[in-house]
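# Structural characterization, general
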Amino acid sequence: MTTQKALIPLPAPIARIATATGAAVALAGTFLPWTWTSEFPGDLTVTGYPGGLQILTLTAAILTLLFTLCGYGIRGLRWLTPGGTNSPVRLLALATLGTTGYTIGAIAYELGGVVNLEPGAWVSGIGALIAFLAALGLPSDEPLPADGPPANAWQRFRNSLAAPSVGRAKPLPGWGEILIITAAFAVALYVFTYCIDIPTEESEQFIGFLITAGFTFTALTRAGIIARITALTTKHRNVTLIAALVAAFCFPFTQDTAEFTLIGANILIFATVALGLNVVVGLAGLLDLGYVAFLGVGAYTAALVSGAPLSAIGVQFPFWAAVLTGAAVSLIFGVLIGAPTLRLRGDYLAIVTLGFGEIFRVTVNNLNGNSGPDLTNGSQGIPSIPDLNLFGIDFGLSHDIGPFTLSRPANYYLLLLVVTAVVVLVFRRSGDSRIGRAWVAIREDETAATAMGINAFRLKLLAFALGATLAGLAGTVQSHVSYTVTPEQYQFAGPVPPNSAFLLAAVILGGMGTLSGPFIGAALLYLIPAKLQFMQDYQLLLFGIALILLMRFRPEGLIADRRKQLEFHENDEPVLVPEPRQPEEADAGITKAGA
Amino acid sequence: MTTMTTTTNTTTTVLDASGVTMRFGGLTAVRNVDLTVNAGEIVGLIGPNGAGKTTFFNCLTGLYVPTEGKVSYKGTVLPPKPHLVTKAGIARTFQNIRLFANMTVLENVLVGRHTRTKEGLWSALLRLPGFTKAEQASHERAMELLEFIGLQDKADHLARNLPYGDQRKLEIARALASDPGLLLLDEPTAGMNPQETRVTEELIFAIRDQGIAVLVIEHDMRFIFNLSDRVACLVQGEKLVEGTAEVVQSDERVIAAYLGTPFEGAPGAEEVAEVEAAEAEAVASTGTSPKDTTTTEEEDTR
Ligand SMILES: Nc1ncnc2c1ncn2[C@@H]1O[C@H](COP(=O)(O)OP(=O)(O)O)[C@@H](O)[C@H]1O
Ligand SMILES: [Mg+2]
């Protein structure tokens, strides 16, 4: 038995042709109607014009076709597969089959029976199935381990999805590399916008998106493209940062409804606060379970000095002063809470911060003039926080800029982007300095760090206070975005994202200690509950399950820390995903999609 | 500068520990130990397992607050705070390697520079003029040290992925990064093969030649007698003898402590050689076993 043997015994050329044919058939099927009624979301009834879930199948099928063609070694396509060649095809075929299969299932389930399917669905479904089965006949990219017992079918299947890691890329001219980075962010922005713009009622489309995106991303990883792009972004860090900022800046211009822009703004708040938490948790290794309290301190401070009619302090600070006050008050609270608690280590610190987080919420609830002095208006919170007016722009109104209309959330989104940029800058610069190294050293081994001359307590307090300040900063804007601040917004765990548990989860899911991790984590953790409203009741349960799966299959998070990348790839360019050393890797893609 | 140590008031004394006692509940791990190290000296500290050598080191470096006694460095009494001790000029390595496993080799050494650099948070955030210069200087110094120990080619590797011998060396480089006047090495050759041990020996001599005094704990008798100008032997927390290699080597109590039985008759040169040979053989035949024992042994540093 050869080690490269395919899962299904087919001659490779035939398997390749069959895969391509299957993908082409699936592609063609998306141009036919899949069902007879437009009751199913996305309107899959039109001939010649794919819609809704059909577009996802179409995308997956096109990619399958493209990567199958790469298998022929066509010049000019080789850059697509610096890593594996056949495992991406298998994964993409799986994406096609998964999306099509899910759609067929959903139509049959929702409209009551298979009779509601039109031929187009069958054409695509059968095409996808052929493509997938034929793809299994393509040889493996990675040999099976030669020693050990003969692999069973499942092991061989997982092996067939593995791919070798990529080597160093030939350097392109500088502008070429920058162009690639720009293109990558354009694609990312497009995918993000697509994802946000999925109507809230059409959870089918969102699930389909997760299936397609999860498999496609894994496929691109196996192909080695992701590794190449990551290598480029690490090489041109500033360009990447600017590209990301520009992409983020463009987002509100792609939206014409306030609803989805507001989602964008909320994700931005969530991500910014998560990045602040990443200083505390990711860099300094301090498990803070009450972090959202600092967001609350900032938000309440800003609300109190905003001139809101129910604010106990009837003053209206200019915005810049409110921001500074909010950040400063958060800083003070950070130091007050940090000073006594940071002498504790590990679990103790987690428990104490958890307690302080709750104390904040309870206190704010009680400072209502009845059970305490009147400061926060108790559980009613402080409503009707006036909109900002900066540089003569009223943030409460829509503004037309050329052909674009910027709604109220869009105004705030752009303001938040400034705050985010500040936090990003702080994270990067502090992390990449003597102070940041000391934090990481404390995280790694506190005793050794102190023996190297690091005043651990001072540096931990610094991280804690800095984290608090950043959260307070974000809070000052958040209070304006949400009109109202109430104690319930700032609890340990709740249905609406920025709460301590979700913040921590965003950091861990995205990747501790990384810059981009919290953004990806926050986007996923915000969008999934927002778009899948039917699972609202089980949200925390599913959230817990997802976290357990994450810890089991990808403990370093979606984006691995530069240091952890090195751990897996000592001698080549840093890449995004560890080489498929662990046999569970194949499942990781599924976990990612479902997380 | 305090009382009674008038004789050591010469500039040559780097470390002066007097009456250091460490009790853990009923157990006295270190009992009334005096030890001085002079500039340019390599002093060895030997003793059987559990004699209290590591505990004594921890007392010197502030990881433990000694129950009694005081430690002074170049005439100044040291506060029992590890970071202040390092700042004063004493650097150390650990018996069970304690590198920052997920940091690169270079970063590990840069962390060692912490006390010798000043750039604070503001400087880092605003990238004040001094910042880049200071970072560059730190990098240069760190690379210099890596070259010194021969790890310059592995600067970007993760510390955890280094081979065992390199990890030990890196720990020394990290300690040297704080520009110490005194280096404390806790069993630097534990788990090393004879060749690596020889390299380490050369390294320690080279460090001494840079004007850094060295206090080294070691099990390998041949290694320590070769290396040290002076050797002190700790048994059950007490300092038994101190003197040149010959004196300690021929002390009956030391031999008894090591071999477990009283030694009869005057120890002639032959016997000493015999003991030495047996010792070396034991070390060679057990191979990696010292490493295994040490990890369990030193849970105590915290
Ligand atoms: N933190 C501690 N608590 C209790 N006992 C300790 C502690 N640290 C060391 N000891 C005890 O002190 C004695 C000396 O240990 P150590 O200094 O590690 O010996 P060695 O000379 O082998 O380095 C041992 O009996 C050890 O169990
Ligand atoms: Mg010891």
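These figures come from a predicted structure and were not determined experimentally.

Another aspect to go through is the overall build of chain A. Secondary structure summary: chain A contains 22 helices and four strands in total. Taking 595 residues into account, the globule formula puts the C-alpha radius of gyration at 25 Å, and chain A, at 26 Å, falls close to it. Counting only C-alpha atoms and orienting by the principal axes, one finds that chain A spans roughly 80 × 60 × 45 Å. Within chain A, the proportion of its 595 residues that are buried is 56%. In chain A, once contacts between residues fewer than 6 apart in sequence are set aside, the share between residues at least 24 apart is 75%. Averaging the coordinates of the 32 positive side-chain charges in chain A and doing the same for the 37 negative ones gives two points 13 Å apart.

Now for the overall build of chain B. When helices and strands are tallied, chain B shows 12 helices and 10 strands. Per-residue burial for chain B yields a buried fraction of 53% across its 302 residues. Once local pairs closer than 6 in sequence are excluded, the contacts in chain B between residues at least 24 apart make up 69%. For chain B, the accessible surface area stands at approximately 13,100 Å², while carbon and sulfur atoms represent 52% of it.

Let's shift gears to the coordination of the magnesium ion (ligand 2). Expected angles at a metal are 109.5 degrees for tetrahedral coordination by four donors and either 90 or 180 degrees for octahedral coordination by six donors. All names here are of chain B. Note on the magnesium ion (ligand 2): its protein donors are Thr-54 (OG1) and Gln-95 (OE1). The metal-donor distances range over 2.0 to 2.1 Å. Here the residue Thr-54 occupies a position in helix H1 (residues 53-61), and Gln-95 occupies one in the loop between strand E6 (90-92) and helix H3 (105-112), the gap between them amounting to 41 residues. The pair Thr-54 / Gln-95 is uniform in exposure class, with both members buried.

Moving on: the interface of chain B and chain A. Opposite the 37 residues of chain B that make contact, chain A presents 33 residues. For the pair chain B and chain A, the two sides together bury roughly 3,200 Å², of which 60% comes from carbon and sulfur. Where chain B touches chain A, the interface holds two salt bridges. Two residues, Glu135(B) and Arg437(A), come together in a salt bridge whose shortest N-O distance is 3.1 Å. Residues of the side of chain B that touches chain A, tallied by class, amount to 14 nonpolar, 12 polar and 11 charged.

Residue and element names in this part refer to chain A. Counting 133 residues, the largest nonpolar core has Phe-206 and Trp-439 as its most contacted members. Looking at this core element by element, the count peaks at 16 residues for helix H10 (residues 258-283). Discounting chain neighbours no more than four positions away, the residues touching Phe-206 are Cys-195, Ile-198, Leu-527, Ile-528, Lys-531 and Leu-532.

Next up on the list: the packing of aromatic side chains. A complete count under the given rule lists 13 aromatic pairs over all chains for this structure. Ring geometry for Phe253(A) and Phe404(A): centres 5.2 Å apart, planes at 75°, overall edge-to-face. Of the two residues, Phe253(A) is situated in the loop between helix H9 (237-250) and H10 and Phe404(A) in strand E4 (residues 404-406); the sequence distance between them amounts to 151 residues. Among the aromatic residues, those joined into a cluster by ring pairs are Phe192(A), Phe251(A) and Tyr413(A). Sitting above the plane of the Phe94(B) ring, Arg98(B) keeps its charged end 5.4 Å from the centroid.

Relative to the helices and strands, Leu158(B) is located in the loop between helix H5 (129-149) and helix H6 (164-176). As a C-alpha pair, Leu158(B) and His114(B) span 44 residues in sequence and 19 Å in three-dimensional space.

Let's shift gears to helix H4 (residues 119-136) of chain A. In an α-helix, one turn spans 3.6 residues, which is why side chains three or four residues apart end up on the same side. Residues and elements named next belong to chain A. Helix length check: H4, at 18 residues, gives a terminal C-alpha distance of 26 Å against a target of 26 Å (1.5 Å per residue), a fit within 8%. The set of residues buried in H4 consists of Gly-120, Ala-121, Ser-124, Gly-125, Gly-127, Ala-128, Ala-131, Phe-132, Ala-134, Ala-135 and Leu-136. Packing partners of the buried residues in H4 comprise helix H1 (12-29), helix H3 (86-111) and helix H5 (153-160).

Residue and element names in this part refer to chain B. At Asn-32, a residue that is not glycine, the phi angle is positive and equals roughly 50°. Looking at the element boundaries, Asn-32 is found in strand E2 (residues 27-38). Taking the relative accessible area as the measure of exposure, Asn-32 reaches 52% and is therefore exposed. Of note, the phi angle at Asp-179 is positive, near 45°, even though the residue is not glycine. Along the chain, the position of Asp-179 falls in the loop between H6 and strand E7 (182-186).

Here we come to the sheet that holds strand E10 (residues 238-243) of chain B. Residue and element names in this part refer to chain B. Here we have six strands laid out as an open sheet, ordered E6-E7-E8-E3-E9-E10, and mixed in their pairing. Two strands bound the open sheet, and with one partner strand each, they are E6 and E10. The mean angle between the axes of side-by-side strands here comes to 20°, regardless of whether they run parallel or antiparallel. Examined bridge by bridge, strand E3 (residues 42-46) and strand E9 (residues 230-235) share four bridges and lie parallel to one another. What sits directly across from Leu-45, in E9, is Ala-232. This element, H1, spans E3, E6, E7, strand E8 (213-217) and E9 of the sheet and lies at about 150° to E7. Packed on one face of the sheet, helix H7 (residues 194-209) meets E3, E7 and E8 and runs near 135° to E3.

Okay, the packing of H10(A) against helix H17 (residues 456-481) of chain A next. All names here are of chain A. One way to put it is that H10 packs onto H17 with a least axis distance of 7 Å and a crossing angle of 170°. In terms of their interaxial angle, H10 and H17 are classed as roughly antiparallel. In the crossing of H10 with H17, the sense of the turn from one axis to the other is left-handed. Residues Leu-262, Asn-266, Ile-269, Thr-272, Val-273, Gly-276, Val-279 and Val-280 of H10 form the contact with H17, whose own contacting residues are Ala-463, Phe-464, Leu-466, Gly-467, Leu-470, Ala-471, Ala-474, Gln-478 and Val-481. Residues that form the contact of H10 with H17 fall into these classes: 12 nonpolar, five polar and no charged.

The next point concerns the sheet that holds strand E5 (residues 76-77) of chain B. All names here are of chain B. Strand order in the open sheet formed by four strands is E2-E1-E4-E5, with antiparallel pairing between adjacent strands. Either end of the sheet is taken by a strand with one partner, and the two such strands are E2 and E5. Sheet analysis places strand E4 (residues 68-73) next to E5, joined by two bridges and oriented antiparallel. What sits directly across from Ser-72, in E5, is Val-77. Packing of H1 onto the sheet brings it into contact with strand E1 (13-24), E2 and E4, and relative to E1 it is tilted by some 115°.

Right, let's get into a nonpolar patch on the surface. Where nonpolar side chains cluster on the molecular surface, the patch consists of Tyr538(A), Leu541(A), Leu542(A), Ile545(A) and Leu549(A) and spans about 460 Å² of accessible area. Its place among the elements puts Leu549(A) in helix H20 (residues 539-553).

What follows covers the environment of Ala271(A). All names here are of chain A. Note on placement: Ala-271 falls in helix H10. For the pair formed by Ala-271 and Pro-498, sequence separation is 227 residues and the distance between their alpha carbons is 8.7 Å. Sequence-distant contacts of Ala-271, that is, excluding residues within four places in its chain, are made with Pro-518, Phe-519 and Ala-522.

Residue and element names in this part refer to chain B. Taken as a whole, this structure holds 22 salt bridges over all chains when the rule is applied. The closest approach of N and O atoms between Glu-238 and Arg-31, which form a salt bridge, is 3.9 Å. Here Glu-238, found in strand E10, pairs with Arg-31, found in strand E2; they are 207 residues apart in sequence, far enough to count as distant. The residue Asp-229 makes a salt bridge to Arg-208 at a minimum N-O spacing of 3.6 Å. Residue Asp-229 is found in the loop between helix H8 (221-227) and E9, and its partner Arg-208 is found in helix H7; the two are separated by 21 residues along the sequence.

Here the focus is the side chain of Asp288(A). Residues and elements named next belong to chain A. By the secondary structure assignment, Asp-288 is in the loop between H10 and helix H11 (292-304). One buried charge, Asp-288, has no salt-bridge partner; the nearest side chain with opposite charge is Lys-460, at 13 Å. A distance of 3.4 Å separates the side chain of Asp-288 from the backbone nitrogen of Tyr-291, its partner in a polar contact. Apart from residues lying up to four places away in sequence, Asp-288 is in contact with Leu-277, Val-280, Val-281, Phe-294, Thr-353, Phe-464 and Leu-504.

All names here are of chain B. Extensive coverage of E8 is indicated by the burial of five of its five residues. Burial of E8 is two-sided: the residues Ala-213, Leu-215 and Ile-217 facing one way and the residues Val-214 and Val-216 facing the other way are all buried. Across four bridges, E3 lies against E8 in parallel orientation. Bridge pairing links Ile-42 to Val-214 in E8. The pairing of E7 with E8 spans five bridges and is classified as parallel. Across the sheet, residue Leu-185 finds its bridge partner in E8, namely Val-216. The parallel pair E7 and E8, bridged by H7, forms a crossover whose chirality is right-handed.

Conventions and cut-offs
- Residues numbered from 1 in each chain as written.
- Chains lettered and ligands numbered in written order.
- Predicted model: local features only at pLDDT ≥ 70, side-chain atom pairs only at ≥ 80, totals over all residues.
- Heavy atoms only, no water.
- Helix = DSSP H or I, 4+ residues; strand = E, 2+ residues; numbered from the N terminus.
- Rg over C-alpha atoms; globule rule 2.2 N^0.38 Å.
- Buried < 20%, exposed > 50% of the residue type's maximum accessible area, 1.4 Å probe, protein only.
- Contact = heavy atoms within 4.5 Å.
- Lys, Arg positive; Asp, Glu negative; His and termini not counted.
- Charge placed at Lys NZ, Arg CZ, Asp CG, Glu CD.
- Areas by Shrake-Rupley, 256 points an atom, 1.4 Å probe, with all protein chains shown as cover.
- Donors = N, O, S within 2.8 Å, 3.2 Å for Na, K, Ca; no water.
- Buried area = accessible area lost by both parts, 1.4 Å probe.
- Salt bridge = Lys/Arg side-chain N within 4 Å of Asp/Glu carboxyl O.
- Nonpolar A, V, L, I, M, F, W, Y, C, P; charged D, E, K, R; others polar.
- Core = buried A, V, L, I, M, F, W, Y, C linked by side-chain atoms within 4.5 Å.
- Phe/Tyr/Trp six-rings, centres within 6.5 Å; stacked < 30°, edge-to-face > 60°.
- Lys NZ or Arg CZ within 6 Å of the ring centre and 35° of its normal.
- Expected span 1.5 Å × (residues − 1).
- Pairing = 2+ DSSP bridges.
- Axes fitted to C-alpha atoms, helices over the stretch in contact; angles between N-to-C directions.
- Parallel < 35°, antiparallel > 145°, perpendicular 65-115°, else oblique.
- Left-handed = near helix turned anticlockwise from the far one by under 90°.
- Patch = residues over 30% accessible without salt bridge, like charges linked within 9 Å, V, L, I, M, F, W, Y side chains within 5 Å.
- Polar contact = N/O pair within 3.5 Å; in protein donor to acceptor, adjacent residues only side chain to side chain.
- Right-handed = clockwise from strand over helix to strand, strands pointing away.

Purely geometric stuff here, so don't read any function into it on its own.
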